[in-house]
Amino acid sequence: MQNSTFGTELLHRTLAGTKQNPGPLTHVSVIPSRSATFAEWPDWVADEVRMALADNGIDRPWRHQVEAADLATSGQHVALSTGTASGKSLAYQLPILTALINDPNSTALYLSPTKALGADQIRAVATTIAGRRAFNHLQPCAYDGDTEPEIRQWARAHSRWIFTNPDMLHIGILSSHARWRHFFRHLRYIVIDESHHYRGVFGSHTAMVLRRLLRISRSAGGNPTVIAASATAADPAGALTRLIGEPAVAVTEDTSPRGERTVALWEPDFLPSVVGENGAPVRRSAGAESARLLADFVIEGARTLCFLRSRRGVEITARNARALLAGTAPELMDRVAAYRAGYLADDRRRLERAIADGELVGVATTNALELGVDISGLDAVIVGGYPGTVASFWQQAGRAGRQRDSGDSLVVLVARDDPLDTYLVHHPAALLDTPVEATVTDPANPYILAPHLLCAASELPLTPAEVERWDAAGAVDDLVAEGLLKRRKAGWYVAAGVEPHGDIDIRGGIGGQVLIVDQTTSRLLGTVDAGRAMSTVHQGALHIHQGESYVVDELDLVDGLALAHPEEPDWTTSARETTDVTITRILDEQRHGPLTTALVEVDVTHQVVGYLRTLISGEVLDAVELDMPPQTLSTRAVMYTLTPEALEGVGVTVGRFPGALHAAEHAAIGMMPLVATCDRWDIGGLSTNLHPDTGLPTVFVYDGYMGGAGFADRGYEAFGTWVAATRDAVADCRCETGCPSCVQSPKCGNGNDPLDKDGAVKVLSLLSRQYLIDA
Ligand SMILES: Nc1ncnc2c1ncn2[C@@H]1O[C@H](COP(=O)(O)OP(=O)(O)OP(=O)(O)O)[C@@H](O)[C@H]1O
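Residues numbered from 1 in each chain as written. Predicted model: local features only at pLDDT ≥ 70, side-chain atom pairs only at ≥ 80, totals over all residues.

Per an unreviewed UniProt entry, the protein chain goes by Putative ATP-dependent helicase and derives from Gordonia soli NBRC 108243.

### A look at the sheet that holds strand 2 (residues 78–80)
Strand order in the open sheet formed by 7 strands is 4-5-3-6-7-2-8, with parallel pairing between adjacent strands. Looking along the sheet, the strands with just one partner apiece sit at the ends: strand 4 (141–142) and strand 8 (249–251). Relative to strand 6 (residues 187–193), strand 3 (residues 107–111) runs parallel, the two sharing 5 bridges. Looking at the pairing, L111 lines up with I192 of strand 6. (Pairing = 2+ DSSP bridges. Helix = DSSP H or I, 4+ residues; strand = E, 2+ residues; numbered from the N terminus.)

### Digging into the nonpolar core
Ranked by size, the top nonpolar core spans 207 residues in total, and within it I227, L294, L453 and M672 carry the most contacts. If near-sequence neighbours (up to four positions away) are discounted, L294 is found in contact with T304, C306, T317, A321, V336, G362, A364 and I382. Formed by 19 residues, the second largest nonpolar core is a distinct cluster that contains L525, M534, A541 and Y611. (Core = buried A, V, L, I, M, F, W, Y, C linked by C-beta atoms within 7 Å. Buried ≥ 20, exposed ≤ 12 C-beta atoms within 10 Å, placed from the backbone. Contact = placed C-beta atoms within 7 Å.)

### Structural notes on the packing of helix 15 (residues 419–426) against helix 22 (residues 657–671)
The contact between helix 15 and helix 22 brings their axes to 7 Å, and the two run at 70°. In terms of orientation, helix 15 lies roughly perpendicular with respect to helix 22. Side by side, helix 15 and helix 22 meet where P419, L420 and Y423 of the first sit next to A667, G670 and M671 of the second. Broken down by class, the residue content of the contact of helix 15 with helix 22 amounts to 5 nonpolar, 1 polar and no charged. (Axes fitted to C-alpha atoms, helices over the stretch in contact; angles between N-to-C directions. Parallel < 35°, antiparallel > 145°, perpendicular 65-115°, else oblique. Nonpolar A, V, L, I, M, F, W, Y, C, P; charged D, E, K, R; others polar.)

### Overview of the confidence of the model for the protein chain
Scored by pLDDT, the protein chain comes out at a mean of 88, with 94% of its residues at no less than 70. Across the assembled chains, the prediction reports ipTM 0.95 with pTM 0.80. (pLDDT = per-residue confidence, 0-100.)

### Topic: the sheet that holds strand 12 (residues 304–308)
The strand order 1-9-16-15-12-14-13 describes an open sheet built from 7 strands, whose pairing is mixed. With one partner strand each, in any of the chains shown, strand 1 (25–31) and strand 13 (336–339) form the two edges of the open sheet. The sheet shows a mean angle of 15° between the axes of neighbouring strands, direction not considered. Direction of pairing for strand 12 relative to strand 14 (residues 362–365): parallel, over a ladder of 4 bridges. Its bridge partner being in strand 14, L305 is matched across the sheet by V363. On top of the sheet, helix 12 (residues 311–328) reaches strand 12, strand 13, strand 14 and strand 15 (380–384); it is set at about 180° to strand 13, its chief contact. Running over the sheet, helix 15 touches strand 1, strand 9 (261–266) and strand 16 (409–414) and is turned about 60° from strand 1.

### As for unusual backbone geometry
Look at the link from D753 to P754: it is a cis peptide, with omega at -5°. Tracing the backbone shows P754 in the loop between helix 24 (719–732) and helix 25 (757–774). A positive phi angle is found at Q139, which is not glycine, with a value near 45°. Among the structural elements, Q139 can be located in the loop between helix 5 (115–129) and strand 4. Look at Q139 and you get partly exposed, because 15 C-beta atoms sit within 10 Å. Phi is positive for D471, which is not a glycine, with a value near 55°. Residue placement: D471 occurs in the loop between helix 18 (464–469) and helix 19 (473–481).

What follows is the structure in structure tokens.
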């Protein structure tokens, strides 16, 4: 192991208590500390701004802050991509505050993916300008779903810096842009904070909302410059360009100071007496292992944040850590708490203060604390389960370090029972030396584009130049044919009576919605995309809402209602569904000897046939049958075929085709997030030893959204990297015949049967070899 440092010492002391053989630690790296590089204040920065910052303890800017601010001031859209707590806020505050002082009419718009982050940023700005007359007329104000109607009216009339989110921008601002005309005419800057969050379907919707924002502002006479901030973005300039549809430049060199950071990768052991599906072994859960580490770190006096993927996981981990402390250090029990979205704002603020001033030593949290909230300077971060993207991992890791004492810190990633987690803890370079993944968006998806075209046309007539720029001619023709758009001299208008804004749920996905209602109180708990309702809120499904759990009593597809009641069972549910795929169009195809890969349009027909109930330990309680109608999804898929001869040539006999292809498909789905910014629940798959459209053994991996979300396209582009990593993940797993860490899938329609782990390694090796030979 490396030099004795804060992180490695803390690890050593923690490991002293584990008996596992081989030990849980699969890798340790030490990232050295770095000192700050300062720059001079640019001449254009208003004196009042400089003085306000100095009073807030900022005497000199770091170089990257000035670089980004200079670019924005010169009118270039800029993406600032530097580490967590590297002062990205200052980089946009400098040009905005200066512009707002110099031009008493100018305005600014701040967008964040969550309301909590927006609230945090307003507080930061309010603190900076508090008590200074020069800033009296700024009136920064939140404008989101929580803002009272009177305040909204006031904000429209008086605020020069509005803090909102893409949802509100779409439904509450662009839809009534005439009332915002003065604001848009003088709009100088748009901030897109945490811009890597705009990915997949949400990102594609947001991309269209931003294009609409820019056109409305320009038509009102404004000419805003976009400043995007993200702790971690691959190709930040390209990502921002894709998001706003206009050229952007990037600043990526982080010049803020940082303490030494030790990163450890940790794989929990198998549980000796627990049996999973089809007799597979089960590892100790990432939550249970994280609770143990959290308790250990707290005993060592290390201020620790522990990130878990679910709200339920957060509650259980905090409870388990406290239970462990009850036995060894009861005086520390009250210094461990849970934090997640869904708590009341006051409770959250209280917890944030308690974390900041050290009253709380250990906190289990969801990614609610990953975004922006200015909490840093902690000693350790436990990441309980890979958060899905390299970007999120670094964002969470970045909560430790800097500010306090030496700023040295320890970050531990605890693997979950999942092929991607297994792969990463055994291939540290894929996590630690890899640039973060490119965000995937697909605003050209006709199911996303068409409703936004209607919104755009209802806001201002669509011009031929815009239709061309948005590559929307086909979609516009379809909308005209449906009678929703009308062509007139000045462009396209919406037909009378069409009110398109309310039909788009920019986070929910595509298509209609099913309402989830607590039938004991008639309270609306939330909504789910109609296409996903049968697999997520079927009768008997466990539904978690803001940390409270509910069990669904009835799913009424005709009325679009799922009726549930509160219940805290000790099991979770996962739907089992059967799937058929038909190829409707081949978009691109490549032949590599016996292997053919293709990007295709497909119709996927699903039928939910039942669900499994699984105990928190991973043990399967039972399987329940359901009788549900089939439904069809038109989407895009990446697919491959192999000839039977090639499969037999690598030792997979005909009888083993189904198990080998099925296992290879599951693992590939689990590994897709490595190359595309998606979750395994965003995609689905099908494998068959003989597909009617190809006449060959075939595997499909498709986007789980109408029209696709761009994931299959990424899988097709990055096919070589994706299958090679999948092969390694399966081959490296220490189980004998397959487990959830490699080839079992938590949502398999066939109960994870048949699965042939050895066959999958042979198939994946063949794919990898063939693809490389002929690439
Ligand atoms: N030039 C500077 N000199 C000293 N401190 C600074 C400087 N710039 C920013 N800071 C401080 O660094 C801390 C982190 O800044 P900030 O929250 O803006 O970072 P961020 O990059 O936006 O964080 P996140 O990744 O959480 O969005 C704040 O406490 C801020 O006051």
